[in-house]
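# Per-entry structural report
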Amino acid sequence: MLTQKIITDIIQNNNLQVSYHIDYNNKIFKSNNNKIYPIHSISKFFTNIMLVLLYRDNIISEEDLHKPILLEKDVLSKLSKNVKDRLKNISLLQCIKHEAGLKDYLNKYHKELIKCYSNKLNYPNPMDPEDFLVYADKDVLDKNQIGKRNYNNLDILLVSLSLKYHYNMKTNKKLSYNDILNLYLVNKLKLNSFSITKPDKNAVYPEADDDLTRYVNGTPASGYWISSKDLCKLGKWTNKLFNSDNKIKKFIKNNELDIYWNDPLRLGHWGFLGSSSSALETYLNKNITIVVLSNHNNDAHIFMDKIRNLLFS
């Protein structure tokens, strides 16, 4: 049985600085749950769920998952020849599972932020996934890495742009990826604290002057901002979605999506950058969803491990 005393003891005994929102059998435990934190790679959870929802709505077909990933011409024009050649031989499913043998964009983006910080220049302000392609690595991993897991951020960025391509082709619309994300998740679930950039109010980030988290804009791969309260709302909603829709359940399980874990059975993702961390887990055979965010080291991960071991040991 989870109690507030147990939670408080974990935090105090491990000297943790965290925001959390825990829905434990409809009993809520919370602390600073309206403060807005960067969630780093938990942004990938949003993108995975977007793929699931577009598959549910027959915008993405089973065939689309396994054939070469489709992108708009203006997206392809921003990629190197090596990356474009690789895209001819890898699928949408391989990209979402980090099995495409691509590299990254985040390293070059962060180097640009560091240069701006060091030289007191204006920081770049990319907003749409396409805007980050200028930072994409030009080379790729050896072709023998196709089908093997190599965690990176560029593949998820390209997944989002492929989802945009399929959605607009199927619906005959011209929405941006961010518009589609708002339509399916942010506005639908009333995730009012969600932001692609650091919010003007209630934002919490690492305090060190040289920590660039506050200047990092979010993408479908990394860097969204949201409160633990709203992120828990998303986690609980996906739990219900999984357990109430057999098409979705089969899709997630059969394709072994990156957000699906066993022992205990759950959906989730973790994030980390510099000196801040985040964790989301929703337990699929329980009525339990846990979100913990921190602007201090890997405190969110420590907290999540302690709680999970307590509940499922």
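From a predicted model like this one, the values you see are computed outputs, not experimental measurements. (Residues numbered from 1 in each chain as written. Predicted model: local features only at pLDDT ≥ 70, side-chain atom pairs only at ≥ 80, totals over all residues. Heavy atoms only, no water.)

This paragraph deals with unusual backbone geometry. Here D263 and P264 are connected by a cis peptide whose omega angle stands at 0°. When you line up the elements, P264 lands in the loop between β5 (260-261) and β6 (266-273). In this model, N58 sits at a positive phi of 65°, which is unusual for a non-glycine residue. Following the sequence through the fold, N58 ends up in the loop between α2 (43-56) and α3 (62-66). Of note in this structure, D263 is not a glycine but carries a positive phi near 55°. Here D263 shows up in the loop between β5 and β6. (Helix = DSSP H or I, 4+ residues; strand = E, 2+ residues; numbered from the N terminus.)

On a regular strand, one side chain projects to one face of the sheet and the next to the other, so that they alternate. Neither face of strand β4 (residues 224-227) is exposed, since Y224 and I226 on one face and W225 and S227 on the opposite face are all buried. Here strand β3 (residues 36-40) runs beside β4; their pairing, made up of 4 bridges, is antiparallel. Each residue of the ladder has a partner; that of Y37, found in β4, is I226. (Buried < 20%, exposed > 50% of the residue type's maximum accessible area, 1.4 Å probe, protein only. Pairing = 2+ DSSP bridges.)

What follows is about helix α8 (residues 154-171). In this model, α8 (18 residues) spans 26 Å end to end at C-alpha, consistent with the 26 Å of a helix rising 1.5 Å per residue. The buried fraction of α8 is high, at 14 of 18 residues. Backbone geometry just after α8 places N172 at a positive phi near 60°. (Expected span 1.5 Å × (residues − 1).)

On to the packing of helix α10 (residues 228-244) against helix α11 (residues 246-254), then. Put simply, α10 and α11 touch, their axes get as near as 5 Å, and they point 100° apart. Relative to α11, the element α10 is oriented roughly perpendicular. Mapping the contact onto sequence places L241, F242, N243 and S244 in α10 and N246, I248, K249, I252 and K253 in α11. Tallied by class, the residues present in the contact of α10 with α11 amount to 4 nonpolar, 3 polar and 2 charged. (Axes fitted to C-alpha atoms, helices over the stretch in contact; angles between N-to-C directions. Parallel < 35°, antiparallel > 145°, perpendicular 65-115°, else oblique. Contact = heavy atoms within 4.5 Å. Nonpolar A, V, L, I, M, F, W, Y, C, P; charged D, E, K, R; others polar.)

Moving on to the nonpolar core. F46, L185 and L231 are the most contacted members of the largest nonpolar core, which has 77 residues in total. Sort the elements by how many residues they give to this core and α2 lands first, with 9 residues. Once residues within four sequence positions are removed from consideration, L185 is found in contact with F46, I49, M50, L53, K190, L191, L234 and W237. Counting residues in hydrophobic clusters, the runner-up holds 19 residues, among them L2, L16, V18 and Y24. (Core = buried A, V, L, I, M, F, W, Y, C linked by side-chain atoms within 4.5 Å.)

Here we take up the pattern of salt bridges. Counted under the stated rule, the structure contains 16 salt bridges. A salt bridge links R308 to D305; the nearest nitrogen and oxygen atoms lie 3.2 Å apart. In this pair, R308 and D305 are both assigned in helix α12 (residues 299-312), 3 residues apart and thus about one turn of the helix distant. Classification of R308 by relative accessible area gives buried; the value is 11%. The structure contains a network of salt bridges with shared partners spanning R266, E281, D305 and R308. (Salt bridge = Lys/Arg side-chain N within 4 Å of Asp/Glu carboxyl O.)

A word on α10. With 17 residues, α10 should reach 24 Å at 1.5 Å per residue; the first-to-last C-alpha distance of 24 Å fits that figure. Turning to α10, its buried residues are S228, D230, L231, C232, L234, G235, W237, T238, N239, L241 and F242.

The residue N262 is located in the loop between β5 and β6 in this model. Look at N262 and you get exposed, because its relative accessible area is 52%. Along the primary structure N262 and Y283 are separated by 21 residues, whereas in three dimensions their C-alpha atoms are 9.7 Å apart.

Before going further, it helps to examine the sheet that holds strand β2 (residues 27-31). A sheet is described by the order of its strands in space; here 6 strands give the open sequence β2-β1-β8-β7-β6-β5, paired in antiparallel fashion. The sheet terminates laterally at β2 and β5, the two strands that pair on one side only. Two elements, β6 and strand β7 (residues 276-283), share 8 bridges in a ladder whose sense is antiparallel. Looking at β7, one finds that R266 is bridged to Y283. Against the sheet, α10 engages β1 (19-24), β5, β6, β7 and β8 (288-294), with an angle of about 150° to β8.

With that settled, consider the packing of α2 against helix α9 (residues 177-186). Orientation of α2 relative to α9, taken along the N-to-C sense of each, is 75°, at an axis distance of 11 Å. Looking at the two axes, α2 sits roughly perpendicular to α9. In this structure, α2 contributes F46, T47, I49, M50, L53, L54 and R56 to the contact, and α9 contributes Y177, I180, L181, Y184 and L185. Classifying every residue of the contact of α2 with α9 by side-chain character gives 10 nonpolar, 1 polar and 1 charged.

A separate point is the side chain of S19. Mapped onto the elements, S19 comes out in strand β1. When its relative accessible area of 0% is taken as the criterion, S19 is described as buried. A polar side-chain atom of S19 sits 3.5 Å from the main-chain carbonyl oxygen of S31. A polar contact of 2.9 Å, which involves the side chain of S19, links it to the side chain of S228. (Polar contact = N/O pair within 3.5 Å; in protein donor to acceptor, adjacent residues only side chain to side chain.)

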